[in-house]
Amino acid sequence: MSVDQATVRRVAHLSRIAVTEDEVAHLQGELNAILAFVEQLDEVDTTGVEPMTSVIPMQLPLRTDVVNDGGDARRVLANAPVAEDGFFAVPKVVE
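Residues numbered from 1 in each chain as written. Predicted model: local features only at pLDDT ≥ 70, side-chain atom pairs only at ≥ 80, totals over all residues. Heavy atoms only, no water.

1. A look at a nonpolar patch on the surface
The test is simple: Residues form patches when they are more than 30% accessible in relative terms and have no salt bridge. Like charges link within 9 Å. Nonpolar side chains (Val, Leu, Ile, Met, Phe, Trp, Tyr) link within 5 Å. Accessible surface area values rest on a Shrake-Rupley calculation with a 1.4 Å probe, where residue burial reflects the displayed protein chains alone. For salt bridges, the criterion is a side-chain nitrogen of Lys or Arg within 4 Å of an Asp or Glu carboxyl oxygen. Under the scheme used here, helices are H or I runs from DSSP no shorter than 4 residues and strands are E runs no shorter than 2 residues, and both carry numbers assigned from the N terminus.
On the surface, a nonpolar cluster with roughly 480 Å² of combined accessible area is contributed by Ile34, Phe37, Val38, Leu41 and Val44. By the element assignment, Ile34 lies in helix α2 (residues 21-40).

2. Remarks on unusual backbone geometry
Here is the rule we go by: For every residue, the accessible area obtained with a 1.4 Å probe (protein chains only) is divided by the maximum for its type, and the residue is called buried under 20%, exposed over 50%, and partly exposed between those limits.
Look at Arg16: it is not a glycine, yet its phi comes out positive at around 60°. Along the chain, Arg16 turns up in the loop between α1 (5-14) and α2. Residue Arg16 is classed as exposed on the basis of its relative accessible area, which comes to 68%. Of note in the backbone geometry, Asp85 takes a positive phi value of approximately 55° without being a glycine. Mapped onto the fold, Asp85 is located in the loop between β1 (83-84) and β2 (87-88).

3. Focus on the packing of α1 against α2
The cut-off we apply is this: Each axis is a line fitted through C-alpha atoms, and for a helix only the stretch in contact is used; angles between axes span 0 to 180 degrees, taken between their N-to-C directions. Any angle from 65 to 115 degrees is called roughly perpendicular, while one under 35 is roughly parallel, one over 145 is roughly antiparallel, and all others are oblique. Contacts between residues were defined by any pair of non-hydrogen atoms, one from each residue, lying within 4.5 Å. All residues other than Ala, Val, Leu, Ile, Met, Phe, Trp, Tyr, Cys, Pro, Asp, Glu, Lys and Arg, Gly among them, are scored as polar; the first ten of these are nonpolar and the last four charged.
It is at 9 Å that the axes of α1 and α2 come closest, and there the two elements cross at 100°. On the basis of their axis angle, the class for α1 and α2 is roughly perpendicular. Contacts between α1 and α2 pair Gln5, Val8 and Arg9 from the former with Glu21, Val24, Ala25, Leu27, Gln28 and Leu31 from the latter. Split into classes, the residues belonging to the contact of α1 with α2 amount to five nonpolar, two polar and two charged.

Geometric values such as these leave the question of function open.
As structure tokens, this is what we get:
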């Protein structure tokens with residue numbers, strides 16, 4: 001895959017990065033070099049390799065998922081920006 005100058009400008013716009021016209025050609029070369037490196041990874045044989053999230057096998061500690069009412073409605077509602085009659089008050093979204 002090759003990146004043209006229009007794509008460099010679009011990526012810069014979407015990334016909210018100010019890029020001058022003088023920098024476009026340089027960035028085009030850099031992006032093409034990055035993509036060429038990534039394309040090399042397609043050549044690696046990954047047959048039989050399971051996907052992993054870490055190079056070190058680890059198990060995250062889990063707790064039992066218990067449904068409860070929060071214990072104390074007064075303390076729960078203390079976090080609400082606006083509360084009325086023991087409930088969270090939110091703006092009306094349907095007209």
